[in-house]
Amino acid sequence: MPPFEDACLLTRIEYAVQSIATKIHPRRPSRAHSTPGHRYLRSRARDLPYLPTEVWLLILREATAMFPDPLDISPGLSFLEMPCAADDYFATMRVKRDLSLVSKAWNKHMQEFLYEFVWLRHACRVEALALTLVTQFIEGKPSSGRWIRRLHMDSLAFKRCAADDFRTILSYAPRLVSYLDRRAVRCTRDQEFSDVCYSSLDLVSALAVPNSRFWRLSLFNYSDVPFPYHMSPMFKQTARNLEYLELSSTSVPLSSRTPIPTSPIVSLPLLQSLKLTLDNITLAVLASWKMPNLRNVSIVSSDFGCAGQDFAHFFEAHGSKIEQLELGHSSSPTVEHNLSLNPRPTQQILLADWCPNLKEFICSADAEWDRRNPEWSVPHILLPAHRHLHFIGVRDIDKRIVDYASPFPTDPEDDAPFFPLLEQISSLLFNDAFPSLRCIRDLSRASHIMRFGRRPQGRILKFWANVLARCGQRQVWLEDYRGVNITVRDLKRAGLVTT
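This is a predicted model, so every value here is computed, not measured.

### Digging into the overall build of the protein chain
Of the regular secondary structure elements, the protein chain holds 17 helices and twelve strands. A burial count over the protein chain gives 45% of its 499 residues as buried. The contacts in the protein chain between residues at least 6 apart in sequence include a share of 76% that link residues at least 24 apart. As displayed, the protein chain has an accessible area near 26900 Å², and 55% of this comes from carbon and sulfur atoms.

### Observations concerning the environment of P70
Looking at the element boundaries, P70 is found in the loop between α2 (53-63) and α3 (86-100). On a C-alpha basis, the gap between P70 and P83 in space is 8.2 Å, while along the polypeptide they are 13 residues apart.

### Some thoughts on the pattern of salt bridges
Scanning the model with the defined rule gives 13 salt bridges in all. Measuring nitrogen to oxygen at the nearest pair gives 2.8 Å for the salt bridge that ties E116 to R61. Within this pair, whereas E116 is found in the loop between α4 (104-115) and β1 (117-120), its partner R61 is found in helix α2, the two being separated by 55 residues in sequence. Residue class for R61 comes out partly exposed when judged on its relative accessible area of 28%. We note a salt bridge from E326 to R395, for which the minimum N-O separation is 2.7 Å. Separated by 69 residues along the polypeptide, E326 in strand β8 (residues 324-327) and R395 in strand β10 (residues 391-395) bring together distant segments of the chain. Through salt bridges that share partners, R61, K96 and E116 make up one connected network.

### Points about the packing of helix α13 (residues 397-405) against helix α15 (residues 445-452)
Where α13 meets α15, the axes come as close as 7 Å, and the angle between the chain directions of the two elements is 55°. Here α13 lies oblique to α15, going by the angle between them. Contacts between α13 and α15 involve I397, D398, I401 and V402 from the first element and A446, S447 and M450 from the second. A class-by-class count of the residues in the contact of α13 with α15 yields five nonpolar, one polar and one charged.

### Details of the sheet that holds strand β4 (residues 216-221)
Taken together, twelve strands build an open sheet; the order of strands is β1-β2-β3-β4-β5-β6-β7-β8-β9-β10-β11-β12 and the sheet is parallel. Two strands close off the open sheet at either side, each with one partner strand: β1 and β12 (477-479). Recorded for the sheet is a direction-independent mean angle of 10° between the axes of neighbouring strands. Bridging between strand β5 (residues 244-249) and strand β6 (residues 273-277) involves five bridges; their strand directions are parallel. From the neighbouring strand, E246 faces β6, where its bridge partner is K275.

### Section: unusual backbone geometry
Here the phi dihedral of D396 falls at roughly 65°; this positive angle occurs in a residue that is not glycine. Structurally, D396 can be placed in the loop between β10 and α13. Here D396 falls in the partly exposed class, since its relative accessible area comes to 30%.

### Structural notes on the packing of aromatic side chains
Under the definition given, this model contains 13 aromatic pairs. Seen from their ring centres, F166 and Y179 are 5.5 Å apart, and the 45° between their planes marks the pair as tilted. Remark: Y179 occurs in strand β3 (residues 178-182) and F166 occurs in helix α6 (residues 163-171); sequence separation between them is 13 residues. Using a relative accessible area of 1% as the deciding quantity, one classes F166 as buried.

### As for the nonpolar core
Judged by nonpolar contacts, the single largest core of 100 residues is most densely connected at Y179, F315 and L351. Ranked by the residues each element gives to this core, the list is headed by helix α16 (residues 458-474), at eight residues. Those residues in contact with Y179 that lie beyond four places of it in its chain are L151, M153, F166, L207, F214, R216, L217, S218 and L219. Counting ten residues, the second-largest nonpolar core is a separate cluster that includes F79, W215, Y244 and I362.

### As for the pairing of strand β7 (residues 296-299)
What you see with β7 is no split at all: N296 and S298 on one side and V297 and I299 on the other are buried throughout. The sheet contact formed by β6 and β7 spans four bridges and is parallel. Bridged to S273 within β7 is N296. In this structure, β7 lies alongside β8, joined through four bridges in parallel fashion. Looking at β8, one finds that N296 is bridged to Q324.

Criteria and cut-off values
Residues numbered from 1 in each chain as written. Predicted model: local features only at pLDDT ≥ 70, side-chain atom pairs only at ≥ 80, totals over all residues. Heavy atoms only, no water. Helix = DSSP H or I, 4+ residues; strand = E, 2+ residues; numbered from the N terminus. Buried < 20%, exposed > 50% of the residue type's maximum accessible area, 1.4 Å probe, protein only. Contact = heavy atoms within 4.5 Å. Areas by Shrake-Rupley, 256 points an atom, 1.4 Å probe, with all protein chains shown as cover. Salt bridge = Lys/Arg side-chain N within 4 Å of Asp/Glu carboxyl O. Axes fitted to C-alpha atoms, helices over the stretch in contact; angles between N-to-C directions. Parallel < 35°, antiparallel > 145°, perpendicular 65-115°, else oblique. Nonpolar A, V, L, I, M, F, W, Y, C, P; charged D, E, K, R; others polar. Pairing = 2+ DSSP bridges. Phe/Tyr/Trp six-rings, centres within 6.5 Å; stacked < 30°, edge-to-face > 60°. Core = buried A, V, L, I, M, F, W, Y, C linked by side-chain atoms within 4.5 Å.

Take a look at the structure:
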């Protein structure tokens, strides 16, 4: 075909496509007949603004997605899930900000994604958000607070936000379903200054909103009064959908001999995960709460007298339902506490009997040698054995590696300093203690970087090669913090380790 006829054919095809596009988008001005004397070249990028809003929202959602999704509760509420890292959050927020500045239409579409997860780390940011919400209300504009679904607040002690700003944000966030407080609010501990700033009871009461949709709460106790006594009224309003509850406090725990005032019995029908960084007295109160669906419990206690009756009452009441248990405090302070008591406690901890359905156990790597049985080291003194346990997660292995390696910095190939840690992990493989064990997971991200970073030390790779060999003899999987199996090939690829 001659070039002239070829060009005419292309022009006719282009006019036909333009006429079809005009029928699909009637608002678009047709240029197919306005310029008949010359070819009209048009970029396909001009079709993009005419995509439906629903399609744009899906595109922007995928462009700003975080992994794992902080608003997704489908994976469950296990303590094995890695929390959202601050660096990942702020990197994603920078992408959202850049996309919102592309055009007015994109700015409108991005409002939902900009405000759905808010992480505030400074008092000035909290004040700015509160001022934005109030200004929008005064000017009659749609409130951005309607998009807030997760609110994460943490700050240093000298950068805590005002309680008024906190209550303002809550009042303009009707769709809030997840709230986390890491000592971020200025609050008084003494009732005599209640007219100056809010008390812990006032802050908790601000969450008691009728028809609330909370499914995740992480609260901090700013007062010396134990948590349950000023939280019980609040839970009558918010307990309907609550699935995850975390309670923390830095107050000095009350003595076990202190009389416990009566507290209303609270019902949490959907609660699955409970995390406590509290004292023994609180465990005694929570023992009377109704939590029929409780499955996961994490205790990082500030009171190491775990051989008391309060600890026993809690697990006697709820232990049969627990499938995942984390004991965050070390075994050694518990042992030292029991040895320092006079007289020593006679009650024996029976966690294996109280939690017969326990399947997953999470402990710390700083367990001490059991002087009564020096041949092996238990993962935690309160759970030396369990016949149904098939998973053990170990935290803070990276800290133990650094502690053992720091006295011997001269020879990066000698793995002898890691022998105590190797024996400690190997003790988990004893068939008599954990006959159903199938998996050991290293829950430390820093340990993963040491193992598969740019230049891993040879002795660290040799240490993990020895751990992997012993797990293979017992037919137990060894996993990293993501739940991915560690293999010999991975170690060889990282440092050409010969096993």
